[in-house]
Amino acid sequence: MHSVGFMKVVGGSASVPLARGIAKEARAGFVDVAFEKHRGGFPDGERYVHVVLVQTTHPDPMIVEFLLLADAIRDAGAHRVTAVVPYFGYGRQDKRFLDGEPISAKTIAKHIAVDCDELLTMAIPANPEILKTFPLPTREVSGMPAIGRYLKSAKVDVLLAPDEGALRLAKEASAVADVPFDFLVKERIDSYTVKIEPKALAVKGKSVGIVDDVISTGGTIATAAQELRAQGARRVIAACVHGLFVGKAEANLKACDEVIATDTVLSPHTKVSVAPEFAAAIRALG
Ligand code: R5P
């Protein structure tokens, strides 16, 4: 049996604050990993424990760190290893875009499966159906309750999905924030440029929250925010699960009054923790 009393949470260096939060919420022990002091890695040799390894697999060195930690944890005798990958790097590569390419999301999952028994992740940017093809039991945990709570306290009047892909997220967050939602139709021109189809939105004089899974270059959010401003929105808050903020993101995001992200990826915009969501999902695993 895997009672909570025998559970330990290990945080990789991409996810230490979130891992601590999950340990607290799940009433499990937190294992400090001496990343530099112990050249061999993992200091805990306990046997027959359930270890929850929390590590965002982005940027790439964090994948290597994840695999080394998982191997060390298994080697130390852990009976059950649950991988919590808050932001799943390569999650957008859910098919062979060109002949001869790997399906990179699946490749990463295959390596996680070597030492882990199950996987929990959040807001996979690709079609969540990809998770069913992973070689270990995988569940997507929603970050929308956390985002919805924040947007409710920020008193937004309406939520907006900047594209159809984000619609399921905006719908879920709107139920928590108890406000209506709408969506835009986006066309991606290239990695940096997007175009939004004209659509009348009921946002005049309103405080609007834009909800997306990922902010990368900020191009999607900036285009949506400009559209909202043009239609008379009074205030625009951009909320995402994973804040990558690459390239000119900060300049692009000046189109918003506020930008918030969760702690799946740490940044100056991290204002919301998804520890309660992951802790609940871990409890539900049994
Ligand atoms: C893809 O469509 C995702 O839902 C995001 O909208 C996208 O990844 C955001 O990227 P960027 O910030 O570069 O526009």
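Note that this is a predicted model, so its numbers are computed, not measured.

What counts, and where the lines are drawn
- Residues numbered from 1 in each chain as written.
- Predicted model: local features only at pLDDT ≥ 70, side-chain atom pairs only at ≥ 80, totals over all residues.
- Heavy atoms only, no water.
- Helix = DSSP H or I, 4+ residues; strand = E, 2+ residues; numbered from the N terminus.
- Rg over C-alpha atoms; globule rule 2.2 N^0.38 Å.
- Buried < 20%, exposed > 50% of the residue type's maximum accessible area, 1.4 Å probe, protein only.
- Contact = heavy atoms within 4.5 Å.
- Areas by Shrake-Rupley, 256 points an atom, 1.4 Å probe, with all protein chains shown as cover.
- Lys, Arg positive; Asp, Glu negative; His and termini not counted.
- Charge placed at Lys NZ, Arg CZ, Asp CG, Glu CD.
- Pairing = 2+ DSSP bridges.
- Axes fitted to C-alpha atoms, helices over the stretch in contact; angles between N-to-C directions.
- Near = heavy atom within 4 Å.
- Polar contact = N/O pair within 3.5 Å; in protein donor to acceptor, adjacent residues only side chain to side chain.
- 1 Å grid on protein atoms, 1.4 Å probe; cavity = no way out; pocket = protein on both sides within 12 Å on 5 of 7 lines; lining within 4 Å.
- Sits in = over half its atoms within 2 Å of the grid points.
- Core = buried A, V, L, I, M, F, W, Y, C linked by side-chain atoms within 4.5 Å.

Caption draft 1: Examining the overall build of the protein chain more closely. When helices and strands are tallied, the protein chain shows eight helices and 14 strands. A compact globule built from 286 residues would reach a C-alpha radius of gyration of about 19 Å, and the protein chain, at 20 Å, matches this within 12%. By its C-alpha atoms, the protein chain is 60 × 45 × 35 Å across when sized along the principal axes. Counting across all 286 residues of the protein chain, residues that qualify as buried make up 52%. A separation threshold of at least 6 residues defines the contact pool for the protein chain, and within that pool the share at least 24 residues apart is 64%. Of the accessible surface of the protein chain, which amounts to about 13,300 Å², a share of 53% is contributed by carbon and sulfur atoms. For the protein chain, the separation between the mean place of its 34 positive charges and that of its 34 negative charges on side chains is 4 Å.

Caption draft 2: Main features of the sheet that holds strand β8 (residues 181-183). The sheet built from six strands is open, its strands ordered β8-β7-β11-β12-β13-β14 with parallel pairing. A strand with exactly one partner marks an edge of an open sheet, and here the two such strands are β8 and β14 (270-272). Averaged over all pairs of adjacent strands, the angle between their axes in this sheet comes to 35 degrees, without regard to strand direction. The pairing of strand β13 (residues 258-262) with β14 spans two bridges and is parallel. Among the inter-strand pairings, T262 is bridged to a residue of β14, identified as V272. Packing against the sheet, helix α4 (residues 144-153) makes contact with β7 (158-161), β11 (207-215), β12 (235-243), β13 and β14, and its axis sits at approximately 160 degrees to β12.

Caption draft 3: Region of interest: the site of the ligand. The immediate surroundings of the ligand are formed by 13 residues, with D212, D213, S216, T217 and T220 found nearest. Side-chain polar atom of T220 to an oxygen atom of the ligand: 2.6 Å apart, as the coordinates give it. Relative to its unbound accessible area of 370 Å², the ligand is 88% covered by the protein chains. When atoms are counted within 2 Å of each cavity's grid points, the one that captures over half of the ligand is the largest pocket. Of all the elements in the fold, those that place two or more residues in the shell around the ligand are β9 (186-188), β11 and α6 (219-230). Top contributing element to the shell around the ligand by residue count: β11, with four residues.

Caption draft 4: Summary view of the sheet that holds strand β6 (residues 138-141). A sheet is described by the order of its strands in space; here six strands give the open sequence β2-β1-β3-β4-β5-β6, paired in parallel fashion. Lying at the two open borders of the sheet, with one neighbouring strand each, are β2 (29-31) and β6. With direction set aside, neighbouring strand axes in the sheet form an average angle of 25 degrees. In this sheet, strand β5 (residues 118-122) lies alongside strand β4 (residues 80-85) in parallel orientation, the contact comprising four bridges. Residue V85 lies in a different strand from β5, and its bridge partner there is T121. Running at roughly 155 degrees to β5, helix α8 (residues 275-285) makes contact with β1 (7-11), β3 (50-54), β4, β5 and β6 of the sheet.

Caption draft 5: Representation of the nonpolar core within the structure. Of all hydrophobic cores here, the largest spans 41 residues; its most connected members are I22, V54, V84, L151, V211 and F278. Sort the elements by how many residues they give to this core and α8 lands first, with five residues. When near neighbours in sequence (up to four residues on either side) are disregarded, L151 contacts V156, L159, V211, I237 and A239. Counting residues in each nonpolar core, the second largest holds 27 residues, with V51, A83, V85 and L119 among its members.

Caption draft 6: Representation of unusual backbone geometry in the model. A cis amide bond, omega -5 degrees, links H58 with the succeeding residue P59. Inspection of the secondary structure puts P59 in the loop between β3 and α2 (61-75).

Caption draft 7: Region of the structure containing the side chain of T220. Within the secondary structure layout, T220 lies in helix α6. At 3.4 Å, the side chain of T220 and the side chain of R188 are in polar contact. Sequence-distant contacts of T220, that is, excluding residues within four places in its chain, are made with P162, D163, K186, R188, V194 and D212.

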